Amino acid sequence: MASLANGWDIQTRVIGALMLRELTTRFGRENIGFLWIMVEPMLFALLVGFLWRFMKGPLEFGVDIVAFAASGYIPLVLFRSVITRSMMSFTANGGFMYHRQIKVLDILLVRFLIELIGHMMAYLVIGLMLGVFGLFPQPYDIGFILLGGAYYALFVFAVALVVAPLSEMSEVLEKITPVSLYIMIPFSGAFAFVSALSPAAANVILYSPPVHGMEMMRYGLFGPSIDPQFDYVYPLAVCLPLMVVGLLLCRLIRRRLVIE
Amino acid sequence: MIICENLHKGYRAGHGWNEVLKGVNLTVNKGERVALLGRNGAGKSTLIKQIGGVELPDSGRVIRKMTNSWPIGFNGGFQGSLTGYDNARFIARIYGRTYAEMREFVEDFTELGSSLKMPVKTYSSGMRARLAFALSLAIEFDCYLIDEVILVGDQNFQRKCHAELFGRRGDRAMIIASHDMNTIADMCDRGIVLHNGTATTFDNIADAVAEYEGL
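Residues numbered from 1 in each chain as written. Chains lettered and ligands numbered in written order. Predicted model: local features only at pLDDT ≥ 70, side-chain atom pairs only at ≥ 80, totals over all residues. Heavy atoms only, no water.

(A) Examining the overall build of chain A more closely. Within chain A, the regular secondary structure consists of 10 helices and 2 strands. Walking chain A from its N terminus toward its C terminus, one meets helices and strands in the order α-α-β-β-α-α-α-α-α-α-α-α. Scaling as 2.2 N^0.38, a compact globule of 260 residues should have a C-alpha radius of gyration of about 18 Å, and chain A matches this with 19 Å. By principal-axis analysis of the C-alpha atoms, chain A measures approximately 55 × 45 × 45 Å. Going through the 260 residues of chain A one by one, you find that 49% of them count as buried. If you take every contact in chain A between residues at least 6 apart in sequence, the share linking residues at least 24 apart comes to 76%. Just so you have it, chain A exposes about 12,600 Å², and 70% of that area is on carbon and sulfur atoms. (Helix = DSSP H or I, 4+ residues; strand = E, 2+ residues; numbered from the N terminus. Rg over C-alpha atoms; globule rule 2.2 N^0.38 Å. Buried < 20%, exposed > 50% of the residue type's maximum accessible area, 1.4 Å probe, protein only. Contact = heavy atoms within 4.5 Å. Areas by Shrake-Rupley, 256 points an atom, 1.4 Å probe, with all protein chains shown as cover.)

Right, here's the structure in full:
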């Protein structure tokens, strides 16, 4: 037990130190500093939201269009940023391997956590800001927003766990991943409620794990009127094996990592 | 005690494979000061990286029964884009030391003054060496891994290193890679000569130096 507690102690210390370091190197200490982490997803969601509002009118699938866009875009941007930042992250942070208590997984976890916190803050701030102007509903059930967020984030991390080591192994993969991220857009569940799709399309889209998390989040936000479609087990049945594969790949690539 | 058992390590070289370590065996006991000798490219840094756990060997293993420092050199162990102070803060955090203590030691040992507020990438090699040593000496280890860096500083720095490493930490083990035979003969008890991917251990440092000079 003592060694387990000791290990936990080292782990939290390392993660904390790495997060502070990552925040200083990425955002510096000038002007708003680390608050920048929420600016990008916020701008993204707001721009798309208002663009849609002017193009399509105030409602989409019976809910406020700006809230609909923001609630779909922020998780999608999270996915995109985490994957982009995970690629070649081991080589970029090879210097950390000089300290044996830092593992390659810590590098990945830290980058993931920073993005996650940034996007959660963006979600919260957008919700409050738009809420003041009556463009964002009062959440129906905050618990479901958090649960759906957790499901979605788990999927994002599982993919990052696989993409990060693969990007170190193959240059081809490193080059094609940014493009293939666009394929993810229709399968993210961000642009339509599953209940608004044709039964055939709904069947297909529910094979995509993040859709379930997205539906949960939107159920928590808009309530039962959107007729959410999700499963609690299926996303886990995909994500957990994916994570095991990712962990094995990380272990494999650590052996091959060449450090200056 | 640190034991290396049949270490193999190679790197990709174009389409081929360059095996740098071809079955290295060695043992370093507590308190021993061991010189690592070999020509350029013989694999001294590679070996030190495997011992320090920076890189992992292709086969064979490193058994560590004492704590060892990270390889102290011109790079590694610190981040070029961060300032000297930020590096000190980071090391203090991950090794669970208080920053105040760390800061005091680093300021005192490096004598770099306001340069500590500048990014490390702007430092000269002498300044880097000072910082690298200060950071690792501030954390207590049973064994220090030193890759060349000891000989670059000015007189004052060398005196300080000597006092800290061989005076106050005279009971610690050290593995020192170097080409300066005078220093080596002065400081080390034993020698290991790396040649053609294998290591030969000499219990008498003079024999090791003779072997190295005959290569």
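(B) Geometry of the overall build of chain B. Scanning chain B from terminus to terminus reveals 7 helices and 8 strands. Computed over the C-alpha atoms, the radius of gyration of chain B is 17 Å, within 12% of the 17 Å expected from 2.2 N^0.38 for a compact globule of 215 residues. The 215 residues of chain B split such that 57% are buried. Of the contacts formed within chain B by residues at least 6 apart in sequence, a portion of 67% connects residues at least 24 apart. Summed over all atoms, the accessible surface of chain B reaches about 9,000 Å², with 46% contributed by carbon and sulfur. Averaging the coordinates of the 25 positive side-chain charges in chain B and doing the same for the 25 negative ones gives two points 7 Å apart. (Lys, Arg positive; Asp, Glu negative; His and termini not counted. Charge placed at Lys NZ, Arg CZ, Asp CG, Glu CD.)

(C) Spotlight on the interface of chain B and chain A. Counting residues at the interface gives 27 residues for chain B, matched by 22 residues for chain A. Counting the surface lost from both chain B and chain A, the interface buries some 2,200 Å², and carbon and sulfur atoms represent 53% of this. On the chain B side of the interface with chain A, the three residues burying the most area are B:Val54, B:Phe90 and B:Ile94, jointly 25% of the side's total. At the boundary of chain B and chain A, one finds 0 salt bridges. Connecting chain B to chain A are 13 residue pairs in polar contact (both at pLDDT 80 or more). Put simply, the parts of the chain that give the side of chain B that touches chain A at least two residues each are β1 (2–13), α1 (44–52) and α2 (84–94) of chain B. The leading source of residues in the side of chain B that touches chain A is α2(B), at 6 residues. Of the residues in the side of chain B that touches chain A, the class split is 11 nonpolar, 9 polar and 7 charged. (Buried area = accessible area lost by both parts, 1.4 Å probe. Salt bridge = Lys/Arg side-chain N within 4 Å of Asp/Glu carboxyl O. Polar contact = N/O pair within 3.5 Å; in protein donor to acceptor, adjacent residues only side chain to side chain. Nonpolar A, V, L, I, M, F, W, Y, C, P; charged D, E, K, R; others polar.)

(D) Region of interest: the pairing of strand β7 (residues 190–195) of chain B. Residue and element names in this part refer to chain B. In terms of burial, β7 is largely enclosed, as 5 of its 6 residues are buried. With 4 bridges connecting them, strand β3 (residues 33–37) and β7 associate as parallel partners. In the strand pairing of β7, Ala-35 is matched with Gly-191. Two strands pair when backbone bridges link them, and β7 and strand β8 (residues 198–202) are joined in this way by 5 bridges, in the antiparallel orientation. Each bridged residue has a counterpart across the sheet, and for Gly-191 the counterpart in β8 is Phe-202. (Pairing = 2+ DSSP bridges.)

(E) Seen up close, unusual backbone geometry. All names here are of chain A. Residue Phe-61 is not a glycine yet carries a positive backbone phi of 50°. Relative to the helices and strands, Phe-61 is located in the loop between β1 (59–60) and β2 (63–64). For Phe-61, a relative accessible area of 38% corresponds to the partly exposed category. Not every positive phi belongs to a glycine, and Asp-227 is a case in point at roughly 50°. Topologically, Asp-227 is positioned in the loop between α9 (209–222) and α10 (234–256). Asp-227 sits in the partly exposed class, given a relative accessible area of 42%.

(F) Fine view of the packing of helix α3 (residues 65–86) of chain A against α9(A). Residue and element names in this part refer to chain A. One way to put it is that α3 packs onto α9 with a least axis distance of 11 Å and a crossing angle of 145°. Of the two possible hands of crossing, α3 and α9 adopt the one that is right-handed. Contacts between α3 and α9 involve Ala-67, Phe-68, Ser-71, Gly-72 and Pro-75 from the first element and Met-214, Met-217, Arg-218, Leu-221 and Phe-222 from the second. Residue composition of the contact of α3 with α9, grouped by class: 7 nonpolar, 2 polar and 1 charged. (Axes fitted to C-alpha atoms, helices over the stretch in contact; angles between N-to-C directions. Left-handed = near helix turned anticlockwise from the far one by under 90°.)

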